[in-house]
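# Structure assessment
The residues making up each chain are set out below.
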Amino acid sequence: MAVRNTASLLAGLLLVLFHTWRAWAALEVYMNDTVEVALKGTAKITCRYTSEEGRGSMDIQWFFRKGTGERHKICEQVGMMTTINRTSPYANRISVNDTETPAEVALSIRDVQLSDEVDFICRVKSISEDHVEGHTTLKVFGKPDHPTIEGVTTGISVNADSLSKIGTCEVRNGYPKPKITWYKNTTPLRNTDNVNVETSTTSESSGLFSVKSDLTMKVDRKDKDATFYCEVNYYLPGTNGIMMMMETTKINITVIYPSTFVDFWIESPKGRIKEGDTVELRCRGDGNAVETYSIKDLKNDDVTWEVDKVVLENVTRLDSGEYECTLTNIDIYEEFSNRTAVFVNYLDEAVLNPSDTVLMDKGDTITATCNALSSLQTNTAWFKNNKKMSKDHSLILEAATFDTSGTYLCVVTVPEVEGMETRGSLHVHVKGKPEIQEKDINEIETSDETIILSCHAKGYPTPKITWTTSEGKVINSGSQMETDSGAKSQVTVQLTSDVTVFCNASNEFDSDSVSFNIKVKITVHTTPDSSTTPDSTTTPVSTTTITTTSSNPKATAKSETPNPSKEKKESKGVVIAVIIICILLLAILGSVLYFLYKKGKICNRSGKQDITKEKSSKDNIVVEMKSDNTEEAILLGVNGDKTPPGDQVEI
């Protein structure tokens, strides 16, 4: 009995093991649920199976199916042979290959289209097993074009009765359908009572989707600085379900809003205003709606300007006061006003005491004052010939002299306002007889043909200056001009010889004069006569040039040498040589006369001709000599007599 039970138990165990082995050895197929691929890309769908049988005994078939519809065969692999269904739309775009993984094949689809988004079925059958199949859904993604945005170009009023259109966003040619989200600044906009987003989708002939979104909303004045843009979300393969994003450019809108207040100010000048300035008043509200402006001078009801800017030229203190600007919104009929004050600073003309012209005697003292009425603190200073004489409004002139005379300028300035100043002049004259500033006697030596003389006389009334010569001739004054203390005159004198010129100054009190003694330097050229009588002894004589200074107008002068110092040195040597030659000639002549005398040929007692009675100018030898201490030229004859100057000749 025990043996029978044991046998039954073993038989049951073997049966269980047989069924378990059959379960382990059953054919199975593994495929991905989905495969993602980009439009125009290549899709790779794998099919992995398990079997104890070899690859050569496998029959693998590929099908596609749209939704729950009928399946269509793509191709079949029996062993290592592949047969493609030529009627299939994939006939020219597929390939089937074993992968590097054992018991795995792959179906590759090139140039994927949107129509390829179907289920792909892999059926595997072995010789000893029934067929087993799996399936994969192909997901196709098309990246959309870059989105665009277009905002309204007209202004949007905050007082509009309905929602106003802001703009339109559009994205084209995406798959699956892209999503558009509107943003204001960084805040996404959702549909509310004041915001409405309307989206429409268009299916293109290519199967791609284009999406358009319009935004309308109620705007307020804060939206004038807001930026609006769209964000587009879309899918791409391999992103694990995470959407990609693109943004449009940002746009602004023009918001029309009324003013809530009006500002009124002085545009120019900046700082304090002074008389003579140009003042510009500006009026502006804080809105940009259609509004009108008017500016009014409150102290004068008749003065109103219907503008937002007023220019007051060359203002005076009478333009000081309050001005009012009124803004009116014609849409809501609301007014706003504001005021500003204009104060024009002034500086009256300087008042001098004494004024204009003051006459003083020598030694007198005077105090002058200078004041100017101003709306601001002033500074006063006195100047004479650009030199500051006083830092106060008072000017004290003590112990007056002719040098005290002149024009004193009082300058009153306002330190707080640049360019605000006034001036006044005081002319001071010190009475007295003329005093010529040049010395009484002026010695002048020149070789020029003309000379310019100047004479400056102090005194008041202004002296009259005249010019005369020592011979009483009046020289016409070329020019005379008044100075602070008197007058100044210049005269041009033509020089032909030494001359004395007098400057005479006179007024109602007295007169004064000075003299100018002018010495003219004259250059004299002398040449000895080389001609001789037939009976005379011929002696060579050199040419001599002598420079002399003469005060005699009758002297004859020639100038040949431009260098006086060189001429003087050469003339001294020539004079010495001439003197030696003359002495030798005199000695020879004396010897000849003595010899003739001894022979009795020059005495009347012998009845012979007296040759001493016949004299020729050619027998006389005249030499001109210059002394360093005299202006006189000495001429010596053969007898050693001094020849008068009037008888001097050139030889």
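Residues numbered from 1 in each chain as written. Predicted model: local features only at pLDDT ≥ 70, side-chain atom pairs only at ≥ 80, totals over all residues. Heavy atoms only, no water.

Taken together, the three strands give an open sheet; going across it, the order is β21-β23-β26, and neighbouring strands pair in antiparallel fashion. The open sheet has two edge strands, β21 (262-268) and β26 (309-312), and neither has a second partner. When the angles between neighbouring strand axes are averaged without regard to direction, this sheet yields 15°. (Pairing = 2+ DSSP bridges. Helix = DSSP H or I, 4+ residues; strand = E, 2+ residues; numbered from the N terminus. Axes fitted to C-alpha atoms, helices over the stretch in contact; angles between N-to-C directions.)

What follows covers the sheet that holds strand β16 (residues 195-203). Across the sheet, four strands lie side by side as β11-β13-β17-β16; this open sheet has antiparallel pairing. Both outer strands of the open sheet, β11 (148-151) and β16, are each paired with one neighbouring strand and no more. On average, adjacent strands in this sheet sit at an angle of 15° to one another, irrespective of strand direction. Note: strand β13 (residues 164-174) against strand β17 (residues 209-217), eight bridges, orientation antiparallel. Bridging from a neighbouring strand, Lys165 pairs with Thr216 of β17.

Another aspect to go through is the pairing of β16. As paired strands, β16 and β17 are joined by nine bridges and run antiparallel to one another. Looking across to β17, one finds that Asn196 is bridged to Thr216. Linking β16 to β17, which pair antiparallel, is a turn of five residues; within it Gly207 sits at a positive phi near 95°.

With that out of the way, let us pick up the pattern of salt bridges. Pairing between side chains of opposite charge can happen when the charged atoms of each approach one another. In this structure the tally under the stated criterion is 22 salt bridges. One salt bridge connects Asp301 with Lys296, and the closest N-O pair in it is separated by 3.9 Å. Given a relative accessible area of 57%, Asp301 falls into the exposed group. Its salt-bridge partner being Asp403, residue Lys458 comes within 2.3 Å of it at the nearest N-O pair. Of this pair, Lys458 sits in strand β39 (residues 450-460) while Asp403 sits in the loop between β35 (394-397) and β36 (406-413); the two residues are 55 residues apart in sequence, bridging distant segments of the chain. Residue Lys458 is classed as buried on the basis of its relative accessible area of 12%. (Salt bridge = Lys/Arg side-chain N within 4 Å of Asp/Glu carboxyl O. Buried < 20%, exposed > 50% of the residue type's maximum accessible area, 1.4 Å probe, protein only.)

Right, let's talk about the confidence of the model for the protein chain for a bit. Across the protein chain, pLDDT averages 82, with 80% of residues at or above 70. Overall, residues 1-7 carries pLDDT values under 50, and its contacts beyond four positions in sequence, including any with other chains, amount to zero contacts. A low-confidence stretch, residues 604-651 stays under pLDDT 50, and its non-local contacts, those more than four residues away or across chains, total 66 contacts. (pLDDT = per-residue confidence, 0-100. Contact = heavy atoms within 4.5 Å.)

Residues Trp62, Ile74, Ile109, Phe120 and Val124 are the most contacted members of the largest nonpolar core, which totals 31 residues. Where this core is concerned, the elements lending two or more residues are β2 (34-38), β3 (43-50), β4 (59-65), β5 (71-78), β7 (94-98), β8 (104-109), β9 (119-125) and β10 (132-141). The element contributing the most residues to this core is β3, with four residues. Setting aside residues up to four positions removed in sequence, Ile109 forms contacts with Gly41, Thr42, Ala43, Ile45, Tyr90, Arg93, Ile94, Asp116 and Phe120. Counting residues in each nonpolar core, the second largest holds 25 residues, with Trp182, Leu189, Val195 and Met246 among its members. (Core = buried A, V, L, I, M, F, W, Y, C linked by side-chain atoms within 4.5 Å.)

Here the focus is the state of the cysteines. What the rule picks out here adds up to five disulfides. There is a disulfide in this structure between Cys47 and Cys122, and the S-S distance comes to 2.1 Å. With the S-S dihedral at roughly -80°, the linkage between Cys47 and Cys122 falls on the left-handed side. Here the residue Cys47 occupies a position in strand β3, and Cys122 occupies one in strand β9, the gap between them amounting to 75 residues. In this structure Cys47 comes out as buried when scored by relative accessible area, which is 0%. Sequence-ordered numbering of the bonded cysteines in the protein chain yields a pairing of 1-2, 3-4, 5-6, 7-8, 9-10. There is no disulfide at Cys75, and the cysteine sulfur nearest it, in Cys122, is 9.1 Å away. Residue class for Cys75 comes out buried when judged on its relative accessible area of 1%. (Disulfide = S-S within 2.5 Å.)

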